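Below are the chains, spelled out letter by letter.
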Amino acid sequence: MCIGVFDSGVGGLSVWREIIKVLPETSITYFSDSAYCPYGNRSQQEIIERAYLITDFLLSKEAAVIVVACNTATAAAIKALREKYRIPFIGMEPAVKPAALHSKSGTIGVLATRGTLNGNHFHASVERFASDVNVIAKVGEGLVELVESGETSGVKVKELLKIYINPMLEQGADHIVLGCTHYPFLLESIKEVAGDNVVIVDPAPAIALRTLNVISENIIPLSEMISKDVYPTTFYTTAPTGTLMMMAHRIDPDIPDKNFNKIEI
Ligand code: DGL
């Protein structure tokens, strides 16, 4: 059995990058729904339907656990997925809690898609963990599209980031939460815009540890997971494979090109 990981596009590779640090031997099947990306402005019903199709596909590849490496899909569909299927699903957490906990200025910024910021999950996290801090939430309109086209640095990226980050800085935010898995690929530019005094919070390492826990807690014994030497990590995308391959190769240049496949579902 393998670990299934999916996202609306290439953003979930920022979570995959962390999972392979804690589970380096385990086979992973990654699914990028790039033909339907961005999910951020789609209806909840549409995202649930895509999530069902992707889950069926990952189950056909013997996924024993699925990481929903997309904040927007987590907000829209994780409840429906858990109701429909028996395997464990690990979703993205908007990392409001650690940011609020460690903020000294009492102001934090959250950058995410419209779907995530409108979702109950985000509002519940703010109410529960950040009721005594000032939370400045901004929709990162256009950022997902830039990452999907492989453009992760340069003037255009920085100018767009300034629109969202400057108002956070003006109000004294000392932490900025990356509430979309595409955004860690913009980290260098985000740091340049935010400056050295702002902590950028990426929830991906915590999600990777949660994945390790689900496996080592014997919900699924590690011994039942197949090694990537036997079944190499494979990537599927509903769009042409170019960007997915390029972004994955930035993380692991040794993955053979033949492990990337275009598929229609
Ligand atoms: N990576 C997705 C997320 O974390 C991107 C959302 C989108 O496709 O709009 O929300």
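Visitor: How do you make sense of the layout of surface pockets when you look at a structure like this?
Guide: The gaps of empty space that remain are located by a probe, the size of a water molecule, rolled over the atoms. Roughly 360 Å³ of volume is contained in the largest pocket. In terms of lining, the largest pocket is formed by 21 residues, of which the most central are Gln-44, Ala-75, Ala-76, Gly-119 and Asn-120. Elements that contribute at least two residues to the lining of the largest pocket include exactly helix H2 (44-60), helix H3 (71-84), helix H5 (114-118) and helix H6 (120-129). Top contributing element to the lining of the largest pocket by residue count: H3, with eight residues.

Visitor: Would you explain the sheet that holds strand S10 (residues 260-262) in this entry?
Guide: In a beta sheet, neighbouring strands are held together by backbone hydrogen bonds and run either parallel or antiparallel to one another. If you trace the six strands from one edge of the open sheet to the other, you get S4-S3-S1-S2-S9-S10, paired in parallel fashion. Of all the strands in the sheet, the pair left with one neighbour each is strand S4 (89-91) and S10. Looking at each pair of strands side by side, their axes are set apart by 20 degrees on average, direction ignored. Taken together, the five bridges between strand S1 (residues 2-7) and strand S2 (residues 28-32) define a ladder with parallel strand orientation. Bridging from a neighbouring strand, Gly-4 pairs with Thr-29 of S2. The strands that H2 touches are S1, S2, strand S3 (63-68), S4 and strand S9 (234-237); relative to S1, the one it contacts most, it runs at about 155 degrees.

Visitor: Is there a simple way to explain helix H10 (residues 204-216) in this structure?
Guide: Owing to its 3.6 residues per turn, the α-helix aligns residues three or four sequence positions apart on the same side. With 13 residues, H10 ought to run about 18 Å at 1.5 Å a step, and its terminal C-alpha atoms sit 18 Å apart, in line with that. Among all positions in H10, only Ala-204, Ile-207, Ala-208, Thr-211, Val-214 and Ile-215 are buried. When H10 is viewed along its axis, its buried side chains cluster within an angular range of 120 degrees and face the same direction. As for H10, its buried residues are in contact with S1, helix H1 (13-22), S3 and S4.

Visitor: Looking at this structure, I do not really get the pattern of salt bridges. What am I missing?
Guide: Two side chains of opposite charge can pair, provided their charged atoms sit close to one another. Throughout the structure, instances matching the rule amount to nine salt bridges. Linking Glu-46 and Arg-42 is a salt bridge whose minimum nitrogen-to-oxygen distance equals 2.9 Å. We note a salt bridge from Arg-114 to Glu-141, for which the minimum N-O separation is 3.2 Å. Separated by 27 residues along the polypeptide, Arg-114 in helix H5 and Glu-141 in the loop between strand S6 (134-139) and helix H7 (143-148) bring together distant segments of the chain. The structure contains a network of salt bridges with shared partners spanning Arg-17, Glu-18 and Lys-21.

Rules of the game
- Residues numbered from 1 in each chain as written.
- Predicted model: local features only at pLDDT ≥ 70, side-chain atom pairs only at ≥ 80, totals over all residues.
- Heavy atoms only, no water.
- 1 Å grid on protein atoms, 1.4 Å probe; cavity = no way out; pocket = protein on both sides within 12 Å on 5 of 7 lines; lining within 4 Å.
- Points joined across faces, edges and corners; volume = space filled by probe spheres on them.
- Helix = DSSP H or I, 4+ residues; strand = E, 2+ residues; numbered from the N terminus.
- Pairing = 2+ DSSP bridges.
- Axes fitted to C-alpha atoms, helices over the stretch in contact; angles between N-to-C directions.
- Contact = heavy atoms within 4.5 Å.
- Expected span 1.5 Å × (residues − 1).
- Buried < 20%, exposed > 50% of the residue type's maximum accessible area, 1.4 Å probe, protein only.
- Arc of directions from axis to C-beta.
- Salt bridge = Lys/Arg side-chain N within 4 Å of Asp/Glu carboxyl O.

Honestly, it's all geometry; don't read function into it.
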